[in-house]
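# Architecture and fold: a report
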Amino acid sequence: MLRAILWDNDGVLVDTERLFYEANRELFRPLGLELSEQHFFDWYLADNCGAWHLLEPQLSMADMDAWRSERNRHYAATLASEHIPAIEGVGTVLASLSPRLRMGVVTSSNRDHFEIIHQRLDLLPHFEFVLTHESYANSKPSPEPYLLGLERLGVDAVDCLVVEDSPRGLQAATAAGIRCIILRNALTRGHDFPGAWRVVDTMPELLAEIELLIAA
């Protein structure tokens, strides 16, 4: 019986994946690395290693931490200056589901980035809680974030669903024993996501799959 849903944020609730890609591409370009969309998919969305491993011979850990902090400041400034759109149709889906299911957000975003993104949106009233990067020790693809989400909900994995958009998010949900629906976006459209319970491309498709679970 479906009782709860845990939602990823970037690429699932809000259209921010490309902005984060651009922030990283601009960061690495002066260091001699041209970050392609495939690089971003492989190193950020699939493996969570970033491109930092390529710079280890020329930069110390302290240098990389400084560059990462600069990237985060630049990304925060971009978020504050841009109109950040919600994923098309997500408001309708959340409004339909929140009276019937318990819901939380489990994201790898920093708390400050998350708050900037959502300060001009009205999605958060649909959720009981938000877990950000600061909420846990090990980020996705570790199952820790989703196991913590289950603990906060007080439900078993079999009664929960995860909505994700990345391979590492899928891996985290699967390792936590939770069914995962993948909502693909422009950066992940060509990936098959083996192991996902379902793969969809639009919010109406997502809602239809969830309705089937509710009715089962």
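Predicted model, so just to flag it, every value in this text is computed and none were measured. (Residues numbered from 1 in each chain as written. Predicted model: local features only at pLDDT ≥ 70, side-chain atom pairs only at ≥ 80, totals over all residues. Heavy atoms only, no water.)

A tally of helices and strands in the chain yields 8 helices and 6 strands. The order of α-helices and β-strands along the chain, N terminus first, is β-α-α-α-α-β-α-β-α-β-α-β-β-α. In summary, the chain has a C-alpha radius of gyration of 17 Å against a globular reference of 17 Å for 216 residues, a match within 12%. Going through the 216 residues of the chain one by one, you find that 50% of them count as buried. In the chain, 65% of the contacts between residues at least 6 apart in sequence involve partners at least 24 apart. For the chain, the exposed area adds up to about 9,800 Å²; of that, 51% sits on carbon and sulfur atoms. Charged side chains in the chain number 18 positive and 32 negative. The centres of these two groups are separated by 3 Å. (Helix = DSSP H or I, 4+ residues; strand = E, 2+ residues; numbered from the N terminus. Rg over C-alpha atoms; globule rule 2.2 N^0.38 Å. Buried < 20%, exposed > 50% of the residue type's maximum accessible area, 1.4 Å probe, protein only. Contact = heavy atoms within 4.5 Å. Areas by Shrake-Rupley, 256 points an atom, 1.4 Å probe, with all protein chains shown as cover. Lys, Arg positive; Asp, Glu negative; His and termini not counted. Charge placed at Lys NZ, Arg CZ, Asp CG, Glu CD.)

The next point concerns the packing of helix 4 (residues 90–97) against helix 8 (residues 203–215). Remark: helix 4 packs on helix 8, axes separated minimally by 9 Å, with the N-to-C direction vectors making an angle of 15°. Considering their axes alone, helix 4 and helix 8 lie roughly parallel with respect to each other. Considering the relative orientation of helix 4 and helix 8, their crossing is right-handed. Residues V90, V93, S96 and L97 of helix 4 form the contact with helix 8, whose own contacting residues are M203, L207, I210, E211 and I214. Tallied by class, the residues present in the contact of helix 4 with helix 8 amount to 7 nonpolar, 1 polar and 1 charged. (Axes fitted to C-alpha atoms, helices over the stretch in contact; angles between N-to-C directions. Parallel < 35°, antiparallel > 145°, perpendicular 65-115°, else oblique. Left-handed = near helix turned anticlockwise from the far one by under 90°. Nonpolar A, V, L, I, M, F, W, Y, C, P; charged D, E, K, R; others polar.)

Under the criterion given, the structure shown has 11 salt bridges. Across the salt bridge formed by R25 and E22, the nearest N and O atoms sit 2.9 Å from each other. Here R25 pairs with E22, and both are found in helix 1 (residues 17–28), just 3 residues apart, close to one helical turn. Judged by its relative accessible area of 23%, R25 is partly exposed. (Salt bridge = Lys/Arg side-chain N within 4 Å of Asp/Glu carboxyl O.)

By secondary structure assignment, the location of N185 is in the loop between strand 5 (179–183) and strand 6 (198–200). Assessed through its relative accessible area of 12%, N185 is described here as buried. Within polar-contact distance, the side chain of N185 engages the backbone nitrogen of L187 at 2.9 Å. (Polar contact = N/O pair within 3.5 Å; in protein donor to acceptor, adjacent residues only side chain to side chain.)

Because each turn of an α-helix spans 3.6 residues, side chains separated by three or four positions in sequence point in the same direction. Inspection of helix 6 (residues 144–153) places P145, Y146, G149, L150 and L153 among the buried residues, and these make up the whole buried set. For helix 6, the angular spread of buried residues about the axis comes to 140°, placing them on one side. Considering only its buried residues, helix 6 is in contact with strand 1 (4–7), strand 2 (102–106), strand 3 (130–131), strand 4 (160–164) and helix 7 (167–175). (Arc of directions from axis to C-beta.)

Listed as buried for helix 4 are V90, V93, L94 and L97. The arc that holds the buried residues of helix 4, viewed along the axis, is 95°, so those residues lie on one side. Packed against the buried residues of helix 4 are strand 1, strand 2 and helix 8.

Once that is clear, we can look at the pairing of strand 4. Counting buried positions along strand 4 gives 5 out of 5 residues, so the element sits mostly inside the fold. Side chains C160, V162 and E164 of strand 4 all project onto a buried face; the interleaved residues L161 and V163 project onto the opposite face, where all are buried too. Bridging between strand 1 and strand 4 involves 4 bridges; their strand directions are parallel. Paired with I5 across the bridge in strand 4 is L161. Taken together, strand 4, helix 7 and strand 5 constitute a β-α-β crossover, and its handedness is right-handed. (Pairing = 2+ DSSP bridges. Right-handed = clockwise from strand over helix to strand, strands pointing away.)

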